[in-house]
Amino acid sequence: MRKKLRSYDWFGKDDKMGFVHRSWLRNQGYPDDYFKGRPVIGICNTWSELTPCNGHLRDFAEIVKRGVAEAGGFPLEFPVTSLGETIMRPTTMLFRNLASMDVEESIRANPIDGVVLLTGCDKTTPSTVMGACSVDLPTIVVPGGPMLNGRFKGECLGSGSFNWMVKEKTLVENYTAEDIHEAEIGSARSQGHCMSMGTASTMACMVEALGLTLPGAAAIPAVDSRKKVLAQLSGRRIVEMVKEDLKISTILTRKAFENSIIVNAGVGGSTNLIIHLLAIAGRIGIDLSLEDFDTIGSKIPLLVNLKPSGKYLMEDFYYAGGLPVVIHELKKYLHNDAVTVNGKSIGENNNQPPCYNREVIASVDAPLQPAAGIAVLKGNLCEDGAIIKPSAATKSLMKHRGRAVVFETMEDYHARIDDPGLDIDENCIIVLKGVGPVGYPGMPEVGNVDLPEKLIRKGVKDIVRISDGRMSGTAAGTVVLHISPESSVGGVLALVKDGDMIELDVEKRKLHLDVSEKELKKRRDAWIAPAPMATRGYVKFYIDHVQQAHLGADLDILQGGSGAEVTRDLH
Ligand code: FES
């Protein structure tokens, strides 16, 4: 016998409250049969004009609804907090957990049997997935898709990648203000999210590798008609998933998480995957640690030649065959029996897809790099860990000992980095403090700070930079990130002074501050914690509850889930 629908508790009863729940919804013109046993599908929409990457999702919701109705479901769209990466201050990461609470409670409080998550810009994927995990209903993700390739001076331009080069282009290649203006216009020329393998593309690949999308979803450009087909088919499929009671917890097993780590290494994905995947695992109750990313992913070959590690962009990736080719290539590393939203295994879904361009997607036998996953560092400077993305780093700097040039805050960095008197050379290590989850607050993407003007003019392309912050998935460099514990809560990073020697050895997974224990104790005794960044409201709540980066920076009280049950009615 089929399980009773959750929405029955709202619409199925002939009492006073059944009347109330149905009657007001009828004002939108739903016929009787919509209230008689159709699975209610919530379409969780992150559309917002303040989230440019998700600006097309209002149209997409209508297409999903078409699919839901065709399959006999009752689609009801609802808005949730949307996080626009390029606009929100101080950083969208401060609001990821808030958005996830909105998603969770919006689903739980309403007569929803299954959910479609419409996502796009970086945080709109993890926030919605985290919220959905804490309710645990059948859930499918429709990633909004990347923009068309940027174009400028006859060449491809990666949105989210060129902007990191503006200072260098202006200083070294004499780009004029007009050039930069043209690049600004040419880099975001269609609907969709960033089209390099930045965080949004990484998140789309993450959900596909986790099994939360229909096959091939991640790479389809936002404006390609096939994205609309995917949205419609996802609408049809979620209705079936409700009938099969295929919950998100059935899909998000430990195997699925391991698959996602492996695929991320293969595509050269963003370091932000770590923090989001850890947070998602915490919600669904899967034991996943920072070390797993190194153990499982660091030996995986790099197959995808996309910026920022490589040359091409997401549109090229799609035309070359997209993520199914990568998944098939990596099959000897993957759990091919992991189940996905269409009820088939990831191995069945990605069996022998053709690759149309080996320049863009290399084979596992001739990879772009033999071992490209993220490395997890340990040492006295990061007792709970730090990370580096070797595929985006400079090889010669992966083992390096340098003199620390310390910036206590981001404001301190801005004030002094281009001071001609700053005592810094290419062998130094930039140390940036105060940009962790508590310190900024919200752990912004500032770890890839620009080099000083005087080094850029000298032709220096990269120096080691370390911080407790994050880095945009579109950025590159020898950048150590996510140092935990962060400086603002008294991590050893807080004790680093100008002139200290720091040792980085990626092969040995080591990050060491070469200062004696005795001296560190003296500095610790004199250390004064910075004043909290807020004394009221959500930001205060966030500061009081946010966990450190190695745990995924979720709020401690949001770990796990409360399920889908709501026992009390509104009257
Ligand atoms: Fe939205 Fe890059 S700014 S994905």
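Structure: see above.
Residues numbered from 1 in each chain as written. Predicted model: local features only at pLDDT ≥ 70, side-chain atom pairs only at ≥ 80, totals over all residues. Heavy atoms only, no water.

Visitor: What's the story with helix α11 (residues 254-267) in this structure? I'm lost.
Guide: Spanning 14 residues, α11 covers 20 Å between terminal C-alpha atoms, matching the ideal 20 Å at 1.5 Å per step. Against the buried residues of α11 lie α8 (199-210), α10 (248-251), α12 (272-284), α13 (290-297), α15 (323-329) and α16 (346-349). Where α11 ends, the next residue or the one after it, G268, has phi of about 70°, a positive value. (Helix = DSSP H or I, 4+ residues; strand = E, 2+ residues; numbered from the N terminus. Expected span 1.5 Å × (residues − 1). Contact = heavy atoms within 4.5 Å.)

Visitor: Whenever I open this one, empty space enclosed by the protein confuses me. Can you help?
Guide: Empty space among the atoms becomes apparent when a probe as large as a water molecule is rolled across them. Considering all chains together, one arrives at two cavities of 30 Å³ or more under this definition. Of the pockets and cavities examined, the largest cavity occupies roughly 80 Å³. Together, 13 residues line the largest cavity, and I261, N264, A265, G373 and I374 are the ones closest to its centre. Counting residues per element, the ones that place at least two in the lining of the largest cavity are α11 and α13. For the lining of the largest cavity, the element with the highest residue contribution is α11, accounting for three residues. Classifying every residue of the lining of the largest cavity gives six nonpolar, six polar and one charged. Empty space within the second largest cavity amounts to approximately 40 Å³. Looking at the second largest cavity, the residues that line it are E208, T213, P215, I327, T340, I346, N349 and N350. (1 Å grid on protein atoms, 1.4 Å probe; cavity = no way out; pocket = protein on both sides within 12 Å on 5 of 7 lines; lining within 4 Å. Points joined across faces, edges and corners; volume = space filled by probe spheres on them. Nonpolar A, V, L, I, M, F, W, Y, C, P; charged D, E, K, R; others polar.)

Visitor: What's the story with the nonpolar core in this structure? I'm lost.
Guide: Nonpolar side chains in soluble globular proteins tend to be buried together. The biggest cluster of nonpolar side chains holds 105 residues, and the ones touching the most others in it are F257 and F317. Here the element with the most residues in this core is α12; it accounts for eight residues. Excluding residues that lie within four positions of it along the chain, F257 makes contacts with L210, L252, L277, I280, A281, I284, I286 and L288. In this structure, A375, V406, V480 and V506 belong to the second largest nonpolar core, which totals 28 residues. (Core = buried A, V, L, I, M, F, W, Y, C linked by side-chain atoms within 4.5 Å. Buried < 20%, exposed > 50% of the residue type's maximum accessible area, 1.4 Å probe, protein only.)

Visitor: Would you mind showing me how to read helix α20 (residues 537-545) here?
Guide: Note on helix geometry: an α-helix contains 3.6 residues per turn, so any two residues three or four positions apart are oriented the same way. Taken together, the buried positions of α20 are Y538, Y542 and I543. Buried positions in α20, seen along its axis, are confined to an arc of 135° and lie on one side of it. Against the buried residues of α20 lie α4 (93-108). (Arc of directions from axis to C-beta.)

Visitor: Would you explain the packing of α4 against helix α5 (residues 124-133) in this entry?
Guide: Two packed helices can be described by the angle between their axes and the distance between those axes. The geometry of α4 relative to α5 is characterised by a closest axis approach of 7 Å and an angle of 40° between their N-to-C directions. Relative to α5, α4 is oriented oblique. Considering the relative orientation of α4 and α5, their crossing is right-handed. For the pair formed by α4 and α5, the contact residues are R96, N97, A99, S100, V103, E104 and I107 on the first element and P126, S127, T128, M130, G131 and A132 on the second. Of the residues assigned to the contact of α4 with α5, the class counts are six nonpolar, five polar and two charged. (Axes fitted to C-alpha atoms, helices over the stretch in contact; angles between N-to-C directions. Parallel < 35°, antiparallel > 145°, perpendicular 65-115°, else oblique. Left-handed = near helix turned anticlockwise from the far one by under 90°.)

Visitor: Where do I start with the packing of α8 against α11 in this structure?
Guide: Packing of α8 against α11 leaves a shortest axis separation of 8 Å and a crossing angle of 140°. For the element pair α8 / α11, the angle class is oblique. Handedness of the crossing formed by α8 with α11: right-handed. Of the residues in α11, those in contact with T202, M206, A209 and L210 of α8 are A256, F257, N259, S260, V263 and N264. For the contact of α8 with α11, the residue count by class is six nonpolar, four polar and no charged.

Visitor: Sorry if this is basic, but what is going on with the packing of aromatic side chains here?
Guide: Any two aromatic rings considered together are summarised by their centre-to-centre distance and by the angle between their planes. By the definition in use, this model includes 11 aromatic pairs. Ring geometry for F11 versus F35: centroids 5.2 Å apart, planes at 80°, classification edge-to-face. Within this pair, whereas F11 is found in helix α1 (residues 8-11), its partner F35 is found in the loop between α2 (16-25) and β1 (40-45), the two being separated by 24 residues in sequence. Comparing F11 with F35 shows no difference in burial state: the two are buried. Members of the aromatic cluster, each reached through a chain of ring pairs, are F11, Y30, Y34, F35 and F74. (Phe/Tyr/Trp six-rings, centres within 6.5 Å; stacked < 30°, edge-to-face > 60°.)

Visitor: Would you explain the environment of R96 in this entry?
Guide: Here R96 is to be found in helix α4. Residue R96 is classed as buried on the basis of its relative accessible area of 0%. In sequence terms R96 and K433 are 337 residues apart; their C-alpha atoms lie 22 Å from each other. In this view, R96 contacts L83, P126, S127, M130, I275, H276, A279, G552, A553 and D554; residues no more than four positions away in its chain are not counted. Within the local environment of R96, its side chain forms a polar contact with the backbone oxygen of I275, the two atoms lying 3.5 Å apart. (Polar contact = N/O pair within 3.5 Å; in protein donor to acceptor, adjacent residues only side chain to side chain.)

Visitor: I'm lost on the layout of surface pockets in this one. Help?
Guide: Considering only enclosed or pocket space, the second largest pocket measures out at about 850 Å³ in volume. Around the second largest pocket, the lining comprises 38 residues; the ones closest to its centre are R6, W10, I112, D113 and A564. Listed by contribution, the elements that provide at least two residues to the lining of the second largest pocket are α1, α2, β2 (74-79) and α9 (225-244). Its residues placed into classes, the lining of the second largest pocket shows 18 nonpolar, four polar and 16 charged.

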